Amino acid sequence: MKTILYYNYGSPDVLKCEEIEKPAVGDHEVLIKVRAASVNPVDFHLIRGKPLFVRLMIGGLRKPKITRPGFDVAGQVEAVGRSVMQFKPGDEVFGACRGAFAEYACVIEDNLALKPANSSFEDAAAVPVAAITALQGLRDKGGIQRGQKVLVDGASGGVGTFAVQIAKSFGAEVTAVCSTRNVHTARSIGADHVIDYTREDFTQSGQRYSLILAANAYHSIFDYRRALSQDGIYVMAGGGWAQILQTMLLGPLLSLIGSKKMRFFIAKINKNDLVLLKDLLEGGKVVPVIDRRYPLSSVAEALRYLEEGHAQGKVVITVEHS
Ligand SMILES: NC(=O)c1ccc[n+]([C@@H]2O[C@H](COP(=O)([O-])OP(=O)(O)OC[C@H]3O[C@@H](n4cnc5c(N)ncnc54)[C@H](OP(=O)(O)O)[C@@H]3O)[C@@H](O)[C@H]2O)c1
C-alpha cells in the first residue's frame, strides 16, 4: 500500500510517499481502507520534532520512532481483530489512529465510531481531533451551560469552527473571535456575535464571559482573566507557545486566587465522544467547515498550508484507491 512516512525530523519536505506492506491487524484493532484523513497542527509538531519536549513525549530524541504521520481518519472496515465486537468488514467508520496518511491504517476499536450516515468520508475525517478538542474543552473543562455567554478565540480554524457549533448545540450565547475574512463564516456557523480581532480587542472591551475557549490563544493569561465574569472559566486548547507555557504555569496559581478558573488541557480521543459527535452531525447541529482538499501525495503541501496558521476550517486529505 502507499503511505506517507519520514525518517528524520524536519519541515514537511522530509515526507516521502512509499509502498509498504499493509499493516497486520492486532486483536483489538480494525484495519481500515482509508478514504480520507485530515491534518492537524500536532502532525507538523511531530514531524518537526519541535518543540523539543515533543521528542521526549514520543521517545525518539535524534530520529522519530513513529515514522508514519496522521491521526484523523475515515474509511471502510477491511478486517477486524479477534477481540473486536463492534465493527465488521464493510462498515463505514471514522476515528483517530497512527499512520492515517496511507491507503490502509489500523485503528484501536475504542478510537472508532460508525461514520455519520449523512456525512462524506471527507467530512467525517475532518472531525475527530479538532471536534473532540472543542467538545472536551467546552463540556469537560469549561462546564458549559445553556444560556451562558461563551467566547471562542480563534473561531475560524479547525478547533474553532467546531467549538462555535458545539457551544451553540449546548444552548450557549456564542461570541466568535476571528479576522475580517472569516466574519461571514463565523456567522454562517451560528455565532451570535462576531468580533474581528484586527479591529477590536475583546479583552479591552469591558464585556465579560462565563466561559472562554481559546482554540488559538494569542493574548496574555491576564487579558483572558480580565474578560471572565465572576466564577468564569478560561480553557486553553492551543495558540502561541508563550501562552501555553503561561497557562500551564500560572493557570493553577491564578485559579487559587478568587473564583475564576484558568486551565490548559490535552484532548483524549474516545468512542463515546465520537458517537456524540456523530449524533450532532446527523442532527445537522454540526457541519464540518472544509477549507482545502489535497490528494495523499500532497500531504506535505497540506501541512505547509496549515502551518501558515490561517486555515479556514479543516484541511482534508482524500485517498484514492486504484
Ligand atoms: N490541547 C489539545 O488537545 C489540542 C488539540 C488540537 C489542537 N490543539 C491546538 O489548538 C490550536 C488550534 O488548532 P486548529 O486545528 O484550530 O488550528 P488551525 O486550524 O491551524 O487554526 C487556524 C486558525 O487560527 C486563527 N488565528 C490565527 N491567529 C489568530 C489570532 N491572533 N486570533 C484569533 N485567531 C487566530 C486563524 O484565523 P485568521 O486567519 O482569521 O487569523 C485560522 O483560522 C493549535 O495550536 C493546536 O496545536 C490543541
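Residues numbered from 1 in each chain as written. Predicted model: local features only at pLDDT ≥ 70, side-chain atom pairs only at ≥ 80, totals over all residues. Heavy atoms only, no water.

A. Structural view of the sheet that holds strand 8 (residues 149-153). Here we have 6 strands laid out as an open sheet, ordered 10-9-8-11-12-13, and parallel in their pairing. Two strands bound the open sheet, and with one partner strand each, they are strand 10 (193-196) and strand 13 (261-264). Averaged over all pairs of adjacent strands, the angle between their axes in this sheet comes to 15°, without regard to strand direction. Sheet topology note: the strand 12 (residues 228-236)/strand 13 ladder contains 4 bridges and is parallel. Looking at the pairing, I233 lines up with K261 of strand 13. The sheet strands contacting helix 8 (residues 241-254) are strand 12 and strand 13, and the helix crosses strand 13 at an angle near 140°. (Pairing = 2+ DSSP bridges. Helix = DSSP H or I, 4+ residues; strand = E, 2+ residues; numbered from the N terminus. Axes fitted to C-alpha atoms, helices over the stretch in contact; angles between N-to-C directions. Contact = heavy atoms within 4.5 Å.)

B. Inspection of the site of the ligand at higher detail. In the neighbourhood of the ligand, 26 residues make up the surrounding shell, with S156, S179, Y197, H310 and A311 lying closest. In the environment of the ligand, an oxygen atom lies 2.8 Å from a nitrogen or oxygen atom belonging to the backbone of V159. When the ligand sits alone it has 930 Å² of accessible area, and the protein chains cover 88% of it. Grouping the amino acids of the shell around the ligand by side-chain chemistry returns 12 nonpolar, 12 polar and 2 charged. (Near = heavy atom within 4 Å. Polar contact = N/O pair within 3.5 Å; in protein donor to acceptor, adjacent residues only side chain to side chain. Areas by Shrake-Rupley, 256 points an atom, 1.4 Å probe, with all protein chains shown as cover. Nonpolar A, V, L, I, M, F, W, Y, C, P; charged D, E, K, R; others polar.)

C. Structural view of the packing of helix 1 (residues 41-48) against helix 10 (residues 299-307). The interhelical angle for the contact between helix 1 and helix 10, taken along N-to-C directions, is 105°, at an axis separation of 9 Å. The orientation of helix 1 with respect to helix 10, classified from their angle, is roughly perpendicular. Counted together, P41, D43, F44, I47 and R48 of helix 1 and L303, L306 and E307 of helix 10 form the full contact between these two elements. Partitioned by chemical class, the residues of the contact of helix 1 with helix 10 number 5 nonpolar, no polar and 3 charged. (Parallel < 35°, antiparallel > 145°, perpendicular 65-115°, else oblique.)

D. Broad picture of the nonpolar core. Among the nonpolar cores identified, the biggest contains 44 residues, and L138, F162, V164, I166 and L277 are the most heavily contacted of them. Considering every element that reaches this core, the biggest residue donor is helix 4 (residues 128-141), with 6 residues. If we skip the residues at most four places from it in the chain, F162 touches A126, V127, A130, A131, A134, V286, P288 and K314. Of all hydrophobic cores here, the second largest spans 40 residues; its members include Y6, A100, A105 and Y305. (Core = buried A, V, L, I, M, F, W, Y, C linked by side-chain atoms within 4.5 Å. Buried < 20%, exposed > 50% of the residue type's maximum accessible area, 1.4 Å probe, protein only.)

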